[in-house]
Amino acid sequence: MSVTASAPRFLLPPDSEIWTSLEVYREHGGYAAAETAIRSIAPAAIADEVKASGLRGRGGAGFATAMKWSFLPKDGSRPRYIACNADESEPGTFKDRQIMERNPHRLLEGLLIAGFASAIDAAYIYVRGEYRTAYDALRRAIADAHAAGLLGKNIFGSGFDFEIHVHRGAGAYICGEETGLMESLEGRKGQPRKRPPFPAISGLWKRPTIINNVETMSHVPGIIANGAAAFRAVGTEKSSGTTIFGISGNVQRPGAYELPLGTPLREIIFEHAGGLLPGRTIKAVIPGGVSMPVLTAEQAMAVTMDHDALQAVGSLLGTGAIIVLDDQQCLVRAAAVIAKFYRVESCGQCTQCREGTGWLHKLLLKVESGAGSGADLEAIEDVARFMEGHTICGLSDAAAWASGWFLRRFRGEFEAHLEGRGCPHDATSFEI
Amino acid sequence: MTEANGSTAKNPKVRVVIDGREIEATAGAPLLEAALDNGIEIPHYCYHPKLSIDGSCRMCQVQIQGQKKLAIACNTPCTEGLVVDTRSDEVADARRGVMELLLVNHPLDCPICDQAGECYLQDYSFEHGSHHARTTAPRRKGLKRVPIGPRVVFDQERCILCRRCVRFTNEISETNELRVFGIGDTSYIGTLEGRPLDNPYSVNVADVCPVGALLSSDFHHKRRVWFLEETESVCPGCSNGCNIKIGAFREEIQRLVPRRNDAVNETWMCDAGRLGYGFVGAADRIREARVCDDQGQQVVALDAAITAAAAALRRVREEHGAGAIGIVASGHLTNEEYFRLAGLARETLTTVSVDLAVPLGEGDDFLIRADKAANARGAREMGLVPGEAGRDLAGILNAVEAGEIRLLWIIGSKDFEAVVGTERALAIAGRLETLILQDVQPSGLSDKATIQLPGATWAEKAGTFTNYVGRVQRIRPAVHSPEGVLLDGEIFAALTGALSGRAAVPFVPSSVFDEIAAAVGAYAGLAHQSLGGAGTNPADVTEGVG
Ligand SMILES: Cc1cc2nc3c(=O)[nH]c(=O)nc-3n(C[C@H](O)[C@H](O)[C@H](O)COP(=O)(O)O)c2cc1C
Ligand code: SF4
Ligand code: SF4
Ligand code: SF4
Ligand code: FES
């Protein structure tokens, strides 16, 4: 595969265009899929089409979307809700923002179709607090859609009623975790809920709730319009369709690129993002937002950006947010910066996460300063092990993976800091 | 108030295998609860049997067969055929992790911590921890020894954020004073400005707190808990009869704590009851017998006072008839004592003017009852009621004022004063020929006593109380009465002996109870020894015997 201007786009308008107005969106076929679906496709058939498309969640975990919808109770009880995750706080991630700012109706149409398919009463979009532009675009789009009868009562004369509400977050990463989001949306402190019960049974206001990411929902109209086969034709067997890769770090052209899943990481870095700064070489690449295990340069150059390939090299696709670290960067510092993020964002409920994130951060600072010893590296490994797989939500795992994998994959660089030697890199590296 | 974990009573039973041992559990009940109820210890911090499930401390993790990750036992519902391993290496490692992480910021001030000796952190550290600390980083600093309410002290550094206290104030006291502020490792428990932890049940947070973060101000820095001798008893504060443990050190009560009894008080007690023990060792406690002569009250030996009381009772009865004697008791004696007193009044003195004086205070819809005595119901069931054509309290007062009753024997004159009012009580005293007071605490009447007999407190007695619904519960002696003081039942026995001219029958509560069981319909079938720690509702027994 190589760079082609003609790579299919399911989510974003052409680079030079913005489709925030309803008219423009409709000129490009917008809401046709929703109309067809609501007028002439049985709800179950919509879900079947999504299932056939192989669509997997774009929020981080890659869970099969149709399967998630199927967990809703079959008793027809109302109300039931969609919570749409637009919190987009995973460091390095800025893909949902592209959709909301440049193609907001796409998301609304996806919610409408998903809502019809699962007999949902209303969708709540939880938008990251800093995303003012996205929020305004969504608000306007909802108002326009309402005025045009695309939301509200008796949509397309079908008797189906559906509302979409937008809620702005206040800046906590943990409110992107699905149950933390629900707590926050309900007006409480954003703290993940223990499971069971799962959201499909007891979610928003204790009602059955589907929770999906912005990008996930935004793929639904394309799947209905073009058919599951067209979606599957792009990407790989187990990772179908496109995604928006956000690439940042030490590359020439950081940005958001909608590309097929399975695109080689090397191609994204060197062709789409324009490669490295002159004279630099890659040291490490985080492939899916800072929560996903870091890769060595060697691994990064060989891997393709899909679920199976990344798992095979001991990482995960996450949000597809790629962060490139070149040879000038201190990886101990990088790990410490990331550890600090988890420390200040942990909600603090679970023992391992509350205390472990803080301890990891302190240990990494100590190692970076040169005061560390082999025992501190051992402590990092132990704390990461204690934190992984033992808590209410995935933040603890993410924090453990971040520190743990930086250490495991770049042990030599950590050891070089020990016993008073300190950081061999100059100040161009990260601030801590 | 809500029952946090809901009732699972109607659910069917399932079989669960824990570490190879098969136990029967209620379907849907938390696995942790089932394990603990069957004596299988799974370490835990945030779980409390009477609070909602929190699932945050992560200490209770176990291996469930067929599941990849460890599961928390507190949020795992019991289902048929669940197979659980609480001892695998993975479980042990997870516990070690929680322990080490809980301690990285812990101040480790066990030497000056009231909780030491009954601290979950200490106990689990010993059993599941690693026995050495490897952090050198400075520990988190926080508030130390600050009042978080009028009766509770808070040490923020010791808090492990299990949120039991928060759930207590949300779910049990329903007063919502406590909450978690901050996030991550800056989280802390606190109250809102101007809203201290101040509710009638506030000190229970010190009991639910698994560590030494929330402490009873009353017990703060008073005594190391391992020096306490603990005695199972019942709170004397009101007719609810909350089950308690009396903690004593060298004949001095140090604290009362609630004892679990799901039929009565679950695991709670009110602050007034908990802190109301001070009268037992009070400086002004009545420890001496006194008899009035021409020069006023004189301290005498107790048996001399008893002899004087017997003489006065005999004389009034002989000169003016049994109708000239009135007896008013408080609701604080044991059933066994009331049974003897009733016998003395009815059979020996043949007086029919017998009643109780029980002060009324505030009550609520949870534990606190308005009638502020533990055993008024028992007193009545033992026969402390006006006899046929006899006078009740109002009648007795009127009869004193009319000059018909010449001798009044008040057991618990403080309650009498509270019920009758000081002014009228003093007027009554002024009308009497003889006023016998049998008291633990002084009252406005103390000076007026012709004869004063020192009484004993519930903490010094063995016997039973019957709470307001009729549940018969045992109390046990936690401390000895002061030198020279007899139990009230012993005084009744001595008086009965003196008045009847027969040798006094020693007062043995357990045999008196057998007499009660034989004589009082509602107590038929009860045996003193079989009254377990939780007490018995006679109705249940009758049904059981049925
Ligand atoms: C700490 C944490 C933060 C998360 N933040 C986000 C987020 O900002 N946006 C998002 O879509 N999913 C986020 N997730 C994932 C959500 O919990 C959830 O899996 C996702 O929204 C499901 O949508 P999907 O199935 O469409 O991917 C986060 C998860 C964790 C553990
Ligand atoms: S893992 Fe961390 S962020 Fe998630 S619920 Fe537990 S403490 Fe909160
Ligand atoms: S004060 Fe005690 S009960 Fe409250 S959260 Fe802290 S440790 Fe738990
Ligand atoms: S409710 Fe009554 S019995 Fe219970 S602790 Fe309070 S005073 Fe004592
Ligand atoms: S006791 Fe189960 S998580 Fe705390």
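What you are looking at is a predicted structure, and each value in this text was computed from that prediction instead of being measured. (Residues numbered from 1 in each chain as written. Chains lettered and ligands numbered in written order. Predicted model: local features only at pLDDT ≥ 70, side-chain atom pairs only at ≥ 80, totals over all residues. Heavy atoms only, no water.)

Asker: Run through the overall build of chain B, naming residues and quoting values.
Answerer: Within chain B, the regular secondary structure consists of 15 helices and 22 strands. Overall size of chain B, expressed as C-alpha extent along the three principal axes, is 90 × 55 × 35 Å. Every one of the 546 residues in chain B was classed for burial, and the buried ones make up 55%. Across chain B, contacts joining residues at least 24 apart in sequence account for 66% of those joining residues at least 6 apart. As displayed, chain B has an accessible area near 22,500 Å², and 51% of this comes from carbon and sulfur atoms. Charge separation in chain B, taken as the distance between the mean sites of 56 positive and 71 negative side-chain charges, equals 4 Å. (Helix = DSSP H or I, 4+ residues; strand = E, 2+ residues; numbered from the N terminus. Buried < 20%, exposed > 50% of the residue type's maximum accessible area, 1.4 Å probe, protein only. Contact = heavy atoms within 4.5 Å. Areas by Shrake-Rupley, 256 points an atom, 1.4 Å probe, with all protein chains shown as cover. Lys, Arg positive; Asp, Glu negative; His and termini not counted. Charge placed at Lys NZ, Arg CZ, Asp CG, Glu CD.)

Asker: Tell me about the confidence of the model for chain B, and please be specific about residues and values.
Answerer: Residues and elements named next belong to chain B. On average, residues of chain B carry a pLDDT of 93, and 96% of them reach 70 or more. pLDDT under 50 marks residues 1-8. Its contacts with residues more than four places away, or in other chains, come to 21 contacts. Counting interchain partners and residues more than four positions distant, the pLDDT-below-50 stretch residues 541-546 has 5 contacts. The ipTM value of the predicted complex is 0.92, and its pTM value is 0.93. (pLDDT = per-residue confidence, 0-100.)

Asker: Residues and numbers for a nonpolar patch on the surface, please.
Answerer: Residue and element names in this part refer to chain A. A grouping of F63, M67 and F71 is seen on the molecular surface, where their side chains present a nonpolar patch of about 290 Å² in accessible area. Inspection of the secondary structure assignment puts M67 in helix α4 (residues 65-70). Looking at M67, the relative accessible area reads 44%, which means it is partly exposed. (Patch = residues over 30% accessible without salt bridge, like charges linked within 9 Å, V, L, I, M, F, W, Y side chains within 5 Å. Salt bridge = Lys/Arg side-chain N within 4 Å of Asp/Glu carboxyl O.)

Asker: Please set out the site of ligand 4 residue by residue, giving values where relevant.
Answerer: Residues in contact with ligand 4, as listed here, are C235, G237, C238, G241, C242, M269, C270, G273, L367 and I368 of chain B. Residues belonging to the shell around ligand 4 are distributed by class as follows: 7 nonpolar, 3 polar and no charged. (Near = heavy atom within 4 Å. Nonpolar A, V, L, I, M, F, W, Y, C, P; charged D, E, K, R; others polar.)

Asker: Please give an account of the site of ligand 3 that cites residues and values.
Answerer: By nearness alone, 13 residues border ligand 3, and C159, C162, R163, C165 and C209 of chain B come closest of all. Each residue belonging to the shell around ligand 3 can be placed in one class, and the counts come to 11 nonpolar, no polar and 2 charged.

Asker: Break down the domain arrangement of chain B for me, with residues and values.
Answerer: Residue and element names in this part refer to chain B. Entries for chain B in the domain assignment read domain 1 (13-100), domain 2 (111-120 + 136-281) and domain 3 (289-461 + 486-508). With centres defined by C-alpha atoms, the gap from domain 1 to domain 2 works out at 26 Å. At the interface, 12 residues of domain 1 touch 17 residues of domain 2. Overall, the association of domain 1 and domain 2 removes approximately 1,300 Å² of surface from exposure, summing both partners, and the carbon and sulfur fraction of that is 52%. The largest share of the area that domain 1 buries against domain 2 comes from Y45, K50 and L51, three residues that together contribute 51% of it. Two residues, R167 and D54, come together in a salt bridge whose shortest N-O distance is 3.6 Å. (Domains from an automatic or database assignment. Buried area = accessible area lost by both parts, 1.4 Å probe.)

Asker: Please give an account of the interface of chain A and chain B that cites residues and values.
Answerer: Contacts between the two partners involve 32 residues from chain A and, on the opposite side, 36 residues from chain B. When the buried surface of chain A facing chain B is broken down by residue, R354, W359 and H390 of chain A rank first, second and third, together holding 23% of it. For D93 of chain B, the salt bridge identified is with R385 of chain A, shortest N-O distance 2.8 Å. For the side of chain A that touches chain B, the secondary-structure elements that each account for two or more residues are α14 (331-345), α15 (351-369) and α16 (374-387) of chain A. In terms of residues, the side of chain A that touches chain B owes the most to one element, α15 of chain A, which gives 9 residues.

Asker: Break down the side chain of T216 of chain A for me, citing the residues and quoting the values.
Answerer: Assignment of secondary structure puts T216 of chain A in helix α9 (residues 214-226). Aside from chain neighbours lying at most four places away, what touches T216 of chain A is L55, R56, G57, R58, G59 and T65 of chain A.

Asker: Please provide a residue-by-residue account of the sheet that holds strand β18 (residues 407-411) of chain B, values included.
Answerer: In a beta sheet, neighbouring strands pair by backbone hydrogen bonds and run either parallel or antiparallel. Residue and element names in this part refer to chain B. With mixed pairing, the 7 strands of this open sheet are ordered in space as β15-β14-β20-β19-β18-β16-β17. The open sheet terminates on both sides in strands that have one partner only, identified here as β15 (296-300) and β17 (354-356). Pairs of neighbouring strands in the sheet enclose a mean axial angle of 15 degrees, with direction left out of account. The sheet contacts of helix α7 (residues 302-320) involve β14 (289-293), β15, β16 (325-329), β18, β19 (434-439) and β20 (451-454), and relative to β20 the element is tilted by about 130 degrees. (Pairing = 2+ DSSP bridges. Axes fitted to C-alpha atoms, helices over the stretch in contact; angles between N-to-C directions.)

Asker: I'd like a description of the packing of aromatic side chains, backed by residues and values.
Answerer: Taken as a whole and assessed by the stated rule, the structure comprises 22 aromatic pairs over all chains. On the numbers, 6.3 Å between centres and 40 degrees between planes, the contact of Y45 of chain B with Y120 of chain B is tilted. One end of the pair, Y45 of chain B, is in the loop between α1 (31-37) and β3 (61-64); the other, Y120 of chain B, is in helix α3 (residues 120-128), and 75 residues separate them in sequence. Ring centres of Y201 of chain B and F366 of chain B lie 5.2 Å apart, and the angle between their planes is 65 degrees; this geometry places the pair in the edge-to-face category. Residue Y201 of chain B is located in the loop between β9 (188-191) and α5 (204-208), and its partner F366 of chain B is located in the loop between β17 and α9 (376-381); the two are separated by 165 residues in the primary sequence. Overall, the relative accessible area of 3% leaves Y201 of chain B in the buried class. Over the ring of Y135 of chain A we find R168 of chain A, and its NZ or CZ is 5.3 Å from the ring centre. For R255 of chain B, the ring lying beneath its charged end belongs to F219 of chain B, and the centroid distance is 4.9 Å. (Phe/Tyr/Trp six-rings, centres within 6.5 Å; stacked < 30°, edge-to-face > 60°. Lys NZ or Arg CZ within 6 Å of the ring centre and 35° of its normal.)

Asker: Describe in detail helix α13 (residues 488-500) of chain B, supporting the description with residues and values.
Answerer: With 13 residues, α13 of chain B extends 18 Å from end C-alpha to end C-alpha; this agrees with the ideal 18 Å at 1.5 Å per step. Buried within α13 of chain B are the following residues: D488, G489, I491, F492, A493, L495, G497 and L499 of chain B. (Expected span 1.5 Å × (residues − 1).)

Asker: Residue-level account of α3 of chain B, with values.
Answerer: Residue and element names in this part refer to chain B. Turning to α3, its buried residues are L121, Y124 and H128. For α3, the arc enclosing every buried residue in end-on projection is 75 degrees, short of the 170-degree limit, so these residues lie on one face. Exposed residues lying more than 90 degrees from the buried face of α3 are F126 and E127. Residues of α3 that are buried sit in contact with α2 (89-103). (Arc of directions from axis to C-beta.)

Asker: Can you break down the pairing of β15 of chain B residue by residue, with the values?
Answerer: All names here are of chain B. Bridge count between β14 and β15: 5 bridges; the pairing is antiparallel. From the neighbouring strand, R290 faces β15, where its bridge partner is V299. In this structure, the hairpin formed by β14 and β15 is closed by a connection of 2 residues.

Asker: Tell me about the packing of helix α6 (residues 104-117) of chain A against α9 of chain A, and please be specific about residues and values.
Answerer: Between two packed helices, both the angle of their axes relative to each other and the distance between the axes serve to describe the pair. Residue and element names in this part refer to chain A. Packing of α6 against α9 brings their axes to within 7 Å, and their N-to-C directions diverge by 75 degrees. The orientation of α6 relative to α9 falls into the category roughly perpendicular. Within the contact between the two elements, α6 uses R106, L107, E109, G110, L111, I113 and A114 and α9 uses V214, M217, S218, V220, P221, G222 and I224. Taken together, the residues that form the contact of α6 with α9 break down as 9 nonpolar, 3 polar and 2 charged. (Parallel < 35°, antiparallel > 145°, perpendicular 65-115°, else oblique.)

Asker: Got a sec to walk through the pairing of β20 of chain B? Specific residues and values, please.
Answerer: Residues and elements named next belong to chain B. Of the two faces of β20, the one holding I451 and L453 and the one holding Q452 and P454 are both buried throughout. Bridge analysis of β14 against β20 gives 2 bridges, and the strand direction is antiparallel. Paired with V291 across the bridge in β20 is I451.

Asker: I'd love a proper account of the nonpolar core, names of residues and values included.
Answerer: All names here are of chain A. Grouped together as the largest cluster of nonpolar side chains are 59 residues, with contacts concentrated most on L111, I125 and F162. Tallying contributions element by element places α6 first for this core, with 8 residues. Filtering out sequence-adjacent residues up to four positions away, F162 remains in contact with I82, L111, L112, G115, I120, D121, A122, A123, L151, G152 and I155. (Core = buried A, V, L, I, M, F, W, Y, C linked by side-chain atoms within 4.5 Å.)

Asker: Go over the sheet that holds strand β10 (residues 214-216) of chain B, please, and point to the residues and values.
Answerer: All names here are of chain B. One open sheet accounts for 3 strands, arranged β6-β7-β10; its pairing is antiparallel. Here the strands that pair on one side only, and so sit at the sheet edges, are β6 (146-149) and β10. Geometrically, the sheet is characterised by an average inter-axis angle of 40 degrees between neighbouring strands, direction not taken into account. Sheet topology note: the strand β7 (residues 152-154)/β10 ladder contains 3 bridges and is antiparallel. Counterpart to V153 in the pairing with β10 is L215.

Asker: Give me unusual backbone geometry: which residues, what numbers.
Answerer: All names here are of chain A. For the peptide bond that leads from R78 to P79, omega is -5 degrees, which places it in the cis range. Tracing the backbone through its elements, the reader meets P79 in the loop between α4 and β1 (81-86). In this structure, the amide linkage connecting P196 to the following residue, P197, adopts the cis form with an omega of 0 degrees. Within the secondary structure, P197 is located in the loop between α8 (178-185) and β5 (209-213). Positive phi, normally seen in glycine, also occurs at Y31, with a value near 70 degrees. Inspection of the secondary structure assignment puts Y31 in the loop between α1 (22-27) and α2 (32-40). When its relative accessible area of 2% is taken as the criterion, Y31 is described as buried.

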